[in-house]
Structure formats: structure tokens, C-alpha cells
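Coordinate inspection notes
The lines below spell out each chain.
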2 protein chains.
Amino acid sequence: MQEVLNYINSNRENYIEELKEFLKIESISSDPEKKSELTRCSEFVKDKFHQMGLDNIQVLNTEGHPIVFAEKIVDPNKPTILIYGHYDVQPVDPLDLWTSPPFQADIRDEKIWARGATDDKGQVFTHFKSIEAFFKTSTELPVNVKFIIEGEEEIGSPSLVKTVAANKDLLKCDAVVISDTSMYDEKTPSITYSLRGLAYFQIEITGPNRDLHSGTFGGAVMNPIQALCDLINGMKDKNGHITIPGFYDDVLKLTKKEREGFKRLKFNEKAYKKDLGVKELFGEKGFTTLERTGARPTFELNGIWGGFTGQGAKTVLPSKAYAKFSMRLVPNQTPKKVEKLIQAYLKKAVPKSVNYKVEALHGGEPALTPIDGFAIQSAARAMKTAFGKEPIFTREGGSIPIVVDFGRILKAPVVLMGFGLSSENLHSPNEHFDLNNFQKGILCSALFMNEFSQA
Amino acid sequence: MQEVLNYINSNRENYIEELKEFLKIESISSDPEKKSELTRCSEFVKDKFHQMGLDNIQVLNTEGHPIVFAEKIVDPNKPTILIYGHYDVQPVDPLDLWTSPPFQADIRDEKIWARGATDDKGQVFTHFKSIEAFFKTSTELPVNVKFIIEGEEEIGSPSLVKTVAANKDLLKCDAVVISDTSMYDEKTPSITYSLRGLAYFQIEITGPNRDLHSGTFGGAVMNPIQALCDLINGMKDKNGHITIPGFYDDVLKLTKKEREGFKRLKFNEKAYKKDLGVKELFGEKGFTTLERTGARPTFELNGIWGGFTGQGAKTVLPSKAYAKFSMRLVPNQTPKKVEKLIQAYLKKAVPKSVNYKVEALHGGEPALTPIDGFAIQSAARAMKTAFGKEPIFTREGGSIPIVVDFGRILKAPVVLMGFGLSSENLHSPNEHFDLNNFQKGILCSALFMNEFSQA
């Protein structure tokens, strides 16, 4: 095993150069114009699998962006891990806020800067490199390994569940490993045992059938922007409580133990506010910031638009207004139920003076994994060795919709072993990935396989 | 006089062709990239003045877009009218909603379709052609005529007041004539004796210093779109009352006589709703639609934007959100006072968790002209002859900021003799001008000069 770790430690520069190539591909899954880039990125993943010497390399689904599979079965009697990740990335706008171009990875301050660096190409790459290290040092893999790497995570994994269900036997495993979450901080590794779910909507409000002159028609009809703002105002109150009727009904309450755990983390609110540039934090009254971002459901506006948005003063009373909004869900909420609540709220709250259309764009169930299983404990031991510090167990605010489905379909524990940081601008300009954590992530992946082989 | 009217009636086709040339110029005053088009349009106006045989043609102000002056003093003992109008136009977006290109005038259904057709190039042109008819028929002009045609009306006439004040003697007159308002309906001419003022603002809300991932940070900070919607919601209630403290304090109440006048107009609400495509109208409770659009102050959102507005679901918690909003004012409100009220409201209502900036983009005082003066009565007689129907006296919802200033600086009554229709899509796609009203407008302008010569 020491030989594997030494090999990893002596190849740091090569890993960075290879990751740069991965990050050059503009695999924005939500942009229909980037379809060929997604295909190119899936080919890149397949090439890597070939180079690593994996077997049975194939594309499992061709309806959406390709889902790439590969495996190495060294011994049917050994435990098997399935590594999931995604090669697609978020859009890059606003482009002018990037210090270096999003698809030309730049190295600064021991970080690699590019779209997808931490979410999720850099994290996926740790597993590619750890497995390669076993082969390169002619060390037998301690476990059987399977990969399933998709290209639609950032748009809600529309093809993945079907694909996993249709390939249950092929994907059979003893644990699923996902590296797509954040560490607690730069030095503190953490294992995420809970993820929030997601219910994402777009609403369109139509007032008059055309844009009107606000002088001639102002005061005669409902302004669709006004109606939209009133509806948004009606979904959250001044104390940060979500006021959509029934929204909290299914929320699993935090246990006393969990709340104490959060308290022990000694969250530095002052530094957090300074980093975000805000004078005051804001959120659901009665809960701490860590509870609100990790363990409580939230409601956020993701975008809004309507009317005249150019320079100067156009006195228009617009015909239409739009918003995108989403809720993070916690156990035992479901996106389906939340959609019903939204529909019921809108049905009642939208005034008759306008029309509306609401569309559910993206949904994912929340997840909660028991922390005393062998897989999760193996991950904890590997992390302690790789990072030199005991990991902490956290709940995370983000959503990986597939976590619930993996557990349900494959009947295997899901280990969320993340090497990113929440400050690494995933989903915003200047995304980056800490290169020390990248390197430690590769070590951790190798150590985890070794630990888990005792299962 | 009959010769003049005959000449006008026999030149209908020529007038349309000439107007088409005027409408080809892309004189969007709010667009810095169209500066040369504004200059070109002012040259077009000067050329017309030359062709008409006017004297003393000059540009009065060169700070903003050119303000063009010309005059014909036929006899110092005759009364003098000053005709004001504007050659600038509104922006054209959204371009894809235009049936024919906005700057290639098209003739359909006895209407001319182009940006600026009714607001205000077509209306200004009626006076050019009526005066030309006197010269072409060697009929002496019954009054002295002055023109002041500007290119910044759609951006709030920032240079005009100063220019009028600085050229008080040059502009001296016995009445100001403006054709930039609407008729009551297609067949019913009307004289507007009251116009609403305008106070237009843009607000910027800043939450965190960068776009954040809504999963990781959702629930921790105030979402700037939420804050913006809450603020907008706080400015108008469900009964359409504006809830900015102090907003109605200076509002001149409608007299019983005025309310009866509105009632007599027999407003067809059903047809109005059908035209606008709405199931229900909406506005200040306790007032009729005509009162609300003509005689009461209003609050409208003109634009809103922030966050992700592309296709699909980007889970961003944005850093910034913006809105443009404006109020139509009635006597005795002032834009300055309203700005103070907005500032006071925001100071109190904006939560500490965000920062804000508000900018006053455009302001104009409301106007009210006594209807028993000789000028306004001359206009009424001219309209009756030209349109074959007694005009009605109306209050109009739109704003022509300069109306108040003309009255104040030049100490002359302002006659609002409009030939447009409120259904002619001024400020929206598919702007047009009824060609019969264009023609009758030319006759009316000539008749007015004849009537007013008796002053």
C-alpha cells in the first residue's frame, strides 16, 4: 500500500496537468448549444478508463448526455464499490466576473481555477488517479471497482434513475462512493450524512396581451411584475419562515443531539459575514446559520426578469414577468408534494387579473445515511489518515438527487466523501479547487479502498 | 381658406410618402449608439423647415440631442403660436413582436406602422403640412408661427427647460400647441386639459458580494430578489392603493363635476378588457378605470431583473437584483417630493441584510390647463370642423413634462390637440397611426390657425 501512496505523492504535477485537459471541455449540460462538448467530455472519460485499464467500458444511456460505465472486477469474493460522479458543469455567466477564462484552467494560490474544478471534475478525478496508482505500481486493487459518470447532474439527472434501475445487476455493489460535497473547512475533512433535496420552479405571469404605455394604461390593469412580486412576498415572511401552506408538515425535526453537534462546530459568524460582504445574515428565525444551511428547508429566488431592463427610463407596463425559484428540502419532504403545495398556493394567491404558468424544472429527494455502517466508517478512517485529522459528520445544504435513488435501487450505503470547499464558488464565477485537497483526495480514495476491503 | 383645405385634401398620398422618410430614421433617444441617428433626424426636420420656407432656422441647444427652432413672422400684430413636438422615439424591443420592421413604415388597414408613427413624428408632421399648404396656395398665414422640435422627450427632456428659459424672447407666443396626446376614440376628437406627471426610479439591491450556490448558502443570507419583491410589495396594496407613506398627501381631489364628466363618457369596459386580453381590470379601489388612468396617481413596475434568466435550472443565490418603477403624478404632486417619499420609504423598509441604491431617472410635473381660454376654444372649433364631431375635454394619463414649464416660462396657454389613439401601441411593438386622423390632423392644424387669428 505504501508504494501506491508514494506513487501518488510523486505524481502531483502530472495530475494537475491532466485535470487541466478535463477542465478545458465546455460541458455545460443546460445549454443545448454545448451538446457536442458533452459528448466530447464523455469521450474524454472513456479514454481515461481505457488508459487506466478498466474493463467493460460502455455508454449506458444515449437519450440525454452519455452516461459512462466501466469496471474492474479483480476477485468476485472481494467487496465492490461503485463510484458515481458527473462530468457536466454549470453555466458560466456572468462571464466578465471571471478573473481567468472559465475553460482555461489557471493555477493561482495553490488552487486550480476553472468551471467544474470542484464541482465535479476535480473530485471525480481523484478516483481515476487513485485506481491508476494501483495499476502503475502493480498492486492488486483491494476491491472491485465500478464507475458510473454522468453528464446531466446540473440539470437534475433526468436519465440517471431510469438507467440505474435498468442496469441494477451491472451496477451491483457493496457501497456507492460520491465525491461531490464539501469539507467542513480547508483543514477539516468531513463526511456528509445528509443532503437536502430540491424542488425548482419557473413561473410566468401574463398581464395584458402586449406591452402597454404606463402613462395611458397605468392604473387600469394588474402589472405582471407587481403580481409576481406580491406572490413571491407571500411565500416567505420577515422572519424567514416559508409561508406556503403545508410546507413544513413533513419536515423531520432536528434531534437534540444533532443540534448539539452543530453547536460544537464553533461556527465563525463574523468571518462568514465578512467573506460574503453582508452586514447581517438572514434566515429562518429560531435556527443557527449552520442549521439553516444544512438541516432546514429553504426557499430562494434564483432569477427574475420582465419589462424593460436596458439603460434609461422606458415607461412600459409589461405584458409578462418571470421568476425561477427553488426550495431545498430535508427528510421527509418530497419534490412531488412540494410541487402540489406550490400549485395549491398559486391557485389561491394569483389574482384573477393575470394569468400564470408554473413549471417544475428540477427535483431531487433529500437524503440521510446512517453513520455507523462499515462503508462510512472506512471512509472516516481513510480521511483521518489522508488529512491527518478526524473527519466530522455533517449535513449539507446542497442536493445530489441521485443519492436517494442509489440507496433505494442498489440497496447499498452511499458514502459522501467530499474534497471540495463551500467557498470554492461552485455555481458562480471563479470556481476553483484547492490543489492540496485534490492531492489528499487521491490518497484518501486509495486508502478508502484498502479500508473497505476488510468488509 | 377653402383653397388651403382643398390643397391638403388633394395631397394625402404625398404626405404619407413624406412621413415614411421621417419614420425611417432610428431616432431612439435613450440609446447612446443611436446618437448619429438623432442628429440625422434633426437635419431632416431642418430640411423640412427650409422646404416650407420658414425663417431663422437654428439649433437652440447642442448639449443633448439637437433642439430645432424655426419661425415665420408674417405680421407682428397677428397672434403667434408656438408648436412643440419631438422627433425622438422609444426603443423597439422586443423586436420579434413587430409584424413589419419598426423603421420601415408599412401601410396596412389605413394605418401607417412604424416606431414613432403616432408618438410623435406623425403628429408633428400634421403642422408641417398644414403650414406648407398655406405657402403652396399663396394664402397668407393667419398667425405667426414658431416651431420648437426636440429629440429628448422620451428620456425626460433634460435640455428643454433650460433652453426654453434661455430663449424666452425668441419663443414668445400667445399659445403653445402640442400634438402628442390621444383622441378619446377613433371618431371622437378630444382636447386634453390635464396630463399626469412622472417620477421614474431605478433601484439596485445587493445581497452577498458574489453569486452563491443556493444549496450551500440558501437560508444563510437575504436573497436580493426576495428583498426587492418584498419592497415592491410594500409599495402597493391588494386594493391598488399606493402605500408609500405620504404619497396621496398632495393629490388634488377630483371634483364632482369632473367625476360626472368621466361617467358621461360611457366607457366600454368589456371592449377594453377584450382588447387587452385580461379577465379583470385592476386598479385603485373606489375609482373608475377612466379616473384611474387619467386623473389618479399610479405606481407601475417598468422592469425587473436579477439572477439566472437563461434556460433551465441554475441553482444560484444571486448577488444583485434590480427594478425600474415609476409613478404617474397628478396636480399638486411633484417629482421632487415623491423622490423624498421614496427615499424615506426605502430607508425604513430595506432590511439591514442587503444594501441598496436608488436613482431618479426621469421626472415631470403634472399639468392642468383651464378649458375656457380662447386658444383652447379655438382648438375645439377647429376640431369640430375637421372631424365633424364636437371634441370632448379629457384628462390623460401620460406625461409631457414640458407642458408645465411652457406655461410657467412663456406665460402662454398650452393647447393639447392630439390626433393619436391610445390603442396605437405607442411605446410597444407595432406602433401605428391612423391615416384618416393624420389627414384630419393636417386640416385641423390649418383650421386652428384660422380660428386663433381672431384672438
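Note that the structure is a prediction, hence the values are computed from the model and not measured. Position numbers for residues count from 1 along each chain, tracking the sequence in the order it is written. Whichever chain is written first becomes A and whichever ligand is written first becomes 1, with later ones labelled in order. Two thresholds apply to this predicted model, a pLDDT of at least 70 for residue-level local features and 80 or more for giving and counting side-chain atom pairs, whereas whole-chain, interface and lining totals are computed over all residues.

This brings us to the overall build of chain A. Runs of E in the DSSP output that reach at least two residues are strands. Runs of H or I that reach at least four are helices, and both are numbered from the N terminus. On a plain count of helices and strands, chain A comes out with 14 helices and 20 strands. Per-residue burial over chain A gives 57% buried out of 455 residues. We call two residues in contact whenever the C-beta atoms placed from their backbones are within 7 Å. Restricting to contacts in chain A with at least 6 residues of sequence separation, those with at least 24 account for 79%. Counting other C-beta atoms within 10 Å of each residue's C-beta, where C-beta atoms are placed from the backbone, gives the exposure class: buried for 20 or more, exposed for 12 or fewer, partly exposed between.

On to the relation of the copies chain A and chain B. What sets the superposition is a least-squares fit of C-alpha atoms, and only residues with pLDDT of at least 70 in both copies go into it. When chain A is brought onto chain B, the operation consists of a screw motion whose angular component is 180 degrees and whose axial shift is 0.0 Å, with 0.1 Å RMSD remaining. Within this description, the copies of the chain are treated as partners about a two-fold rotation axis. Comparing interface residues between copies, 100% of those in chain A also lie at the interface in chain B; the contact surface is shared.

Between chain A and chain B, the contact holds 81 residues from the first and 81 residues from the second. Elements that contribute at least two residues to the side of chain A that touches chain B include exactly β11 (212-213), α6 (214-217), α7 (224-233), α10 (289-294), β12 (298-307), β13 (316-317), β14 (320-329) and β15 (355-364) of chain A. Looking at the side of chain A that touches chain B residue by residue, the classes come out as 28 nonpolar, 38 polar and 15 charged. All amino acids are sorted into three groups, where Ala, Val, Leu, Ile, Met, Phe, Trp, Tyr, Cys and Pro are nonpolar, Asp, Glu, Lys and Arg are charged, and the leftover types, Gly among them, are polar.

Right, let's get into the domain arrangement of chain A. All names here are of chain A. The domain boundaries assigned to chain A delineate domain 1 (2-195 + 367-452) and domain 2 (197-251 + 297-364). Here the C-alpha centre of domain 2 lies 35 Å away from the C-alpha centre of domain 1. Taken together, the contact pairs six residues of domain 1 with seven residues of domain 2. Here the side of domain 1 that touches domain 2 is composed, by residue class, of three nonpolar, three polar and no charged. Domain ranges listed in this record stem from an automatic or a database domain assignment.

All names here are of chain A. Taking burial as the measure, the seven residues of strand β6 (residues 144-150) include seven buried ones, the bulk of the element. Both faces of β6 are covered, namely the face carrying Asn144, Lys146, Ile148 and Glu150 and the face carrying Val145, Phe147 and Ile149. Between any two strands, pairing holds if DSSP finds at least two bridges. Note that strand β2 (residues 67-72) and β6 share five bridges and pair antiparallel. By the bridge assignment, Lys72 is partnered in β6 with Val145. Sheet topology note: the strand β3 (residues 80-86)/β6 ladder contains seven bridges and is parallel.

Turning next to the sheet that holds strand β4 (residues 106-108) of chain A. Residue and element names in this part refer to chain A. If you trace the three strands from one edge of the open sheet to the other, you get β4-β5-β20, paired in antiparallel fashion. Looking along the sheet, the strands with just one partner apiece sit at the ends: β4 and β20 (432-434). Neighbour-to-neighbour, the strand axes of this sheet turn through a mean angle of 25 degrees, independent of strand direction. With three bridges joining them, β4 and strand β5 (residues 111-113) adopt antiparallel strand pairing. Along β5, the bridge assignment pairs Ile107 with Ile112. A fitted line through C-alpha atoms serves as each axis, taken over the contacting stretch for helices, and the angle formed by two N-to-C directions is quoted from 0 to 180°. Strand contacts of helix α4 (residues 117-136): β5 and β20, with the helix running at about 50 degrees to β20, the strand carrying the most contacts. Each of β5 and β20 is contacted by helix α14 (residues 435-452), which is oriented at about 60 degrees to β20, the strand it contacts most.

Another point: the packing of helix α12 (residues 374-387) of chain B against helix α14 (residues 435-452) of chain B. Residue and element names in this part refer to chain B. Between α12 and α14, the least distance of the axes is 8 Å, while the angle of their chain directions is 135 degrees. In terms of orientation, α12 and α14 fall into the oblique class. Here α12 runs over α14; the crossing is right-handed. When α12 is examined against α14, the residues Ala375, Ser378, Ala379, Arg381, Ala382, Met383, Thr385, Ala386 and Phe387 are found in contact with a partner set consisting of Lys440, Leu443, Cys444, Leu447, Phe448, Glu451 and Phe452. The class makeup of the residues in the contact of α12 with α14 is eleven nonpolar, two polar and three charged. Convention used here: angles under 35 degrees read as roughly parallel, angles over 145 as roughly antiparallel, angles from 65 to 115 as roughly perpendicular, and any remaining angle as oblique. Two helices cross in a left-handed way if the nearer one is turned anticlockwise from the farther one by less than a right angle. They cross in a right-handed way if the turn is clockwise.

Turning to the sheet that holds strand β20 (residues 432-434) of chain B, a few remarks are in order. All names here are of chain B. What the three strands build is an open sheet, ordered β4-β5-β20; its pairing is antiparallel. Each having just a single partner strand, β4 (106-108) and β20 make up the two edges of the open sheet. Strand-to-strand twist across the sheet, computed as the mean angle between neighbouring axes with direction ignored, equals 25 degrees. The pairing of strand β5 (residues 111-113) with β20 spans three bridges and is antiparallel.

Moving on to helix α13 (residues 402-410) of chain A. Residues and elements named next belong to chain A. Within α13, burial applies to Ile402, Val403, Val404, Asp405, Phe406 and Leu410. Buried residues in α13 make contact with β3, α5 (160-166), β7 (175-178), β9 (190-195), β16 (367-368) and β18 (414-417). At the exit of α13 stands Lys411, carrying a positive phi of roughly 50 degrees.

Attention now goes to unusual backbone geometry. For residues besides glycine, phi is generally negative; the peptide bonds are generally trans as well. Between Pro331(A) and Asn332(A) the backbone carries a cis peptide bond, its omega angle lying at 5 degrees. Here Asn332(A) lies in the loop between β14 and α11 (335-349). With an omega dihedral of 10 degrees, the bond running from Asp119(B) to Asp120(B) counts as a cis peptide bond. Residue placement: Asp120(B) occurs in helix α4 (residues 117-136). Phi is positive for Asn56(A), close to 55 degrees, though the residue is something other than glycine. Inspection of the secondary structure assignment puts Asn56(A) in strand β1 (residues 55-61).

Residues and elements named next belong to chain A. Position of Arg259 among the secondary structure elements: in helix α8 (residues 256-264). The sequence separation of Arg259 and Leu290 amounts to 31 residues, and the corresponding C-alpha distance is 9.6 Å. Among residues more than four places away in sequence, those in contact with Arg259 are Leu254 and Glu291.

pLDDT runs from 0 to 100 and stands for how confident the predictor is about each residue. Taken residue by residue, chain A gives an average pLDDT of 94. The fraction at 70 or more is 100%. Note on the complex model: pTM 0.75, ipTM 0.75.

Counting through the fold element by element, Glu269(B) comes out in helix α9 (residues 269-276). Residue contacts for Glu269(B): discarding those within four places in its chain leaves Leu281(B) and Thr289(B).

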